[in-house]
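Examination of the molecular architecture
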Amino acid sequence: MRRFFLIAVPYAWLLVLFLIPFVIVLKISLSDTALSIPPYTPTLDFSGGWAGLKAFFSALDLENFWFLTSDDLYWKAYLSSVWIAVASTLLALFVGYPIAYGMAQARDEWRPTLMMLVILPFWTSFLIRVYSWMGILSQEGFLNQFLLWTGIISEPLIILNTNTAVYVGIVYTYLPFMILPIYAALEKLDASLLEAAEDLGCSRIQAFWLVTVPLSKNGIIAGCFLVFIPALGEFVIPSLLGGSQTLMIGKVLWEEFFNNRDWPVASAVAVILLMILIIPIILFQRNEQKQREAEQ
């Protein structure tokens, strides 16, 4: 009974907060737009009995998904979002791994302080942090003023309302999600393995690439997932820092829901976005399972 309740809690959580909302969104994606409340048809009405249920399911179709394939806006938004998310994830890994490595190599008494500095930005509102980057990256912002004062540039750089600003915002926002899992993996690393590699003729750089990096693979993968997944559907950062020229599926989703009031198309966009996120996770889990079976 204890085992049952222990397993039931996470499954109930997934059922209430993931599966049921997904079924609702999937149902809306198979509906048609209508000038009504809610703005789609058909709606489920149990008063009609089996005949009503049959009419309800027969009215559902895949028209919204076919519409997404016919409009260039949507597949371009998906490709742009995937590209920005992948590039931001790689940048976060490039920046976050040295920080996590430095934290793992620091003295034990310094590690809690360094950990606090990593998570300190979360003590401030997400919107305030994004708005602060608008002030930093604008033509009259702190960055341009500093570069002009040092003489590095002769005229202000145009960074805000470009993809560069989006990359900066995403990497800054999700960098702790990259650092923390890598740090957790590096902290458990046995230093004697590096000593053994050096005794066998490896230099420090070779030992790092042949021992440290492979043993921190799980932390790297976890950090990449934690950055890539929210970055792919990001809406606030591209809206505030990227401007109207930045095309991401999160902005398209928002506009379909709240500006166009086209809930069926917006739901179809959300379903495809979820599929894009789930597929690499499933492939990764299958690969890990095959590796465990091979080791056994």
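From a predicted model like this one, the values you see are computed outputs, not experimental measurements.

On a plain count of helices and strands, the chain comes out with 14 helices and two strands. Along the longest, intermediate and shortest principal axes, the C-alpha atoms of the chain span 75 × 65 × 35 Å. Counting only carbon and sulfur atoms, one obtains 68% of the accessible surface of the chain, whose full area is about 18600 Å². Between the averaged position of the 16 positive side-chain charges in the chain and that of its 22 negative side-chain charges there is a distance of 8 Å.

Of all hydrophobic cores here, the largest spans 54 residues; its most connected members are Tyr97, Ile170, Ile182, Ile237, Leu241, Ile249 and Val269. Among the elements of the structure, helix H3 (63-70), helix H4 (72-105), helix H6 (126-137), helix H8 (163-187), helix H11 (217-232), helix H12 (236-242), helix H13 (249-259) and helix H14 (263-295) are those that each provide at least two residues to this core. The greatest single-element share of this core, amounting to twelve residues, is contributed by H4. When sequence neighbours within four positions are dropped, the list of residues in contact with Ile170 reads Ile84, Ser88, Leu175, Ala231 and Ile237.

Feature annotation in UniProt places "transmembrane region" (unreviewed entry) on residues 12-30, 81-101, 113-130, 166-186, 207-232 and 263-284, given in this structure's numbering. Between the first and last C-alpha atoms of residues 207-232 the distance is 34 Å; the span itself is 96% helix and 0% strand. Span residues 263-284 is 100% helix and 0% strand, its end C-alpha atoms 32 Å apart.

Among the surface-exposed residues, Trp13, Leu14, Leu15, Val16, Leu17, Phe18, Leu19, Ile20, Val23 and Ile24 lie close enough to one another that they form a single nonpolar patch of about 960 Å² accessible area. Within the secondary structure, Val16 sits in helix H1 (residues 2-29).

Turning to the UniProt feature "domain: ABC transmembrane type-1" (unreviewed entry) in the chain, a few remarks are in order. When the UniProt feature table is mapped to this numbering, "domain: ABC transmembrane type-1" (unreviewed entry) covers residues 78-284. Annotated as 77% helix and 0% strand, the span residues 78-284 places its first and last C-alpha atoms 21 Å apart.

So, about the packing of H4 against H11. Contact pair H4 / H11: the axes reach a minimum separation of 9 Å and the direction vectors enclose 140 degrees. Judged on the interaxial angle alone, H11 and H4 are oblique. Classified by chirality, the crossing of H11 by H4 is right-handed. For the pair formed by H4 and H11, the contact residues are Ser81, Val82, Ala85, Val86, Thr89, Ala92, Leu93 and Tyr97 on the first element and Ile220, Cys224, Val227, Phe228, Ala231 and Leu232 on the second. Classifying every residue of the contact of H4 with H11 by side-chain character gives twelve nonpolar, two polar and no charged.

This part covers the packing of aromatic side chains. Overall, the coordinates contain 17 aromatic pairs when judged by the stated rule. Relative to Phe57, the ring of Phe56 has its centre 5.1 Å away and its plane inclined at 75 degrees; by these criteria the two rings are edge-to-face. By relative accessible area, which is 7% here, Phe56 ends up buried. Given the relative accessible area of 56%, Phe57 is considered exposed. Ring centres of Phe257 and Trp263 lie 6.0 Å apart, and the angle between their planes is 65 degrees; on these two criteria the pair is classed as edge-to-face. By relative accessible area, Trp263 is classed as partly exposed at 25%. Here the aromatic cluster, defined as three or more aromatic residues joined through ring pairs, consists of Tyr40, Phe235, Trp254, Phe257, Phe258 and Trp263.

The next subject is the pattern of salt bridges. According to the stated counting rule, one finds three salt bridges in the structure shown. For Arg107, the salt bridge is made with Glu109, and the minimal N-O distance between the two is 4.0 Å. Of the two residues, Arg107 and Glu109, both sit in the exposed class. In this structure, Glu187 engages Arg111 in a salt bridge whose closest nitrogen and oxygen atoms are separated by 3.7 Å. Separated by 76 residues along the polypeptide, Glu187 in helix H8 and Arg111 in helix H5 (residues 111-119) bring together distant segments of the chain. One network of salt bridges, in which partners are shared, links Asp108, Arg111 and Glu187.

Scoring rules and cut-offs
- Residues numbered from 1 in each chain as written.
- Predicted model: local features only at pLDDT ≥ 70, side-chain atom pairs only at ≥ 80, totals over all residues.
- Heavy atoms only, no water.
- Helix = DSSP H or I, 4+ residues; strand = E, 2+ residues; numbered from the N terminus.
- Areas by Shrake-Rupley, 256 points an atom, 1.4 Å probe, with all protein chains shown as cover.
- Lys, Arg positive; Asp, Glu negative; His and termini not counted.
- Charge placed at Lys NZ, Arg CZ, Asp CG, Glu CD.
- Core = buried A, V, L, I, M, F, W, Y, C linked by side-chain atoms within 4.5 Å.
- Buried < 20%, exposed > 50% of the residue type's maximum accessible area, 1.4 Å probe, protein only.
- Contact = heavy atoms within 4.5 Å.
- UniProt positions renumbered as here; feature names shortened; annotations may be inferred.
- Patch = residues over 30% accessible without salt bridge, like charges linked within 9 Å, V, L, I, M, F, W, Y side chains within 5 Å.
- Salt bridge = Lys/Arg side-chain N within 4 Å of Asp/Glu carboxyl O.
- Axes fitted to C-alpha atoms, helices over the stretch in contact; angles between N-to-C directions.
- Parallel < 35°, antiparallel > 145°, perpendicular 65-115°, else oblique.
- Left-handed = near helix turned anticlockwise from the far one by under 90°.
- Nonpolar A, V, L, I, M, F, W, Y, C, P; charged D, E, K, R; others polar.
- Phe/Tyr/Trp six-rings, centres within 6.5 Å; stacked < 30°, edge-to-face > 60°.

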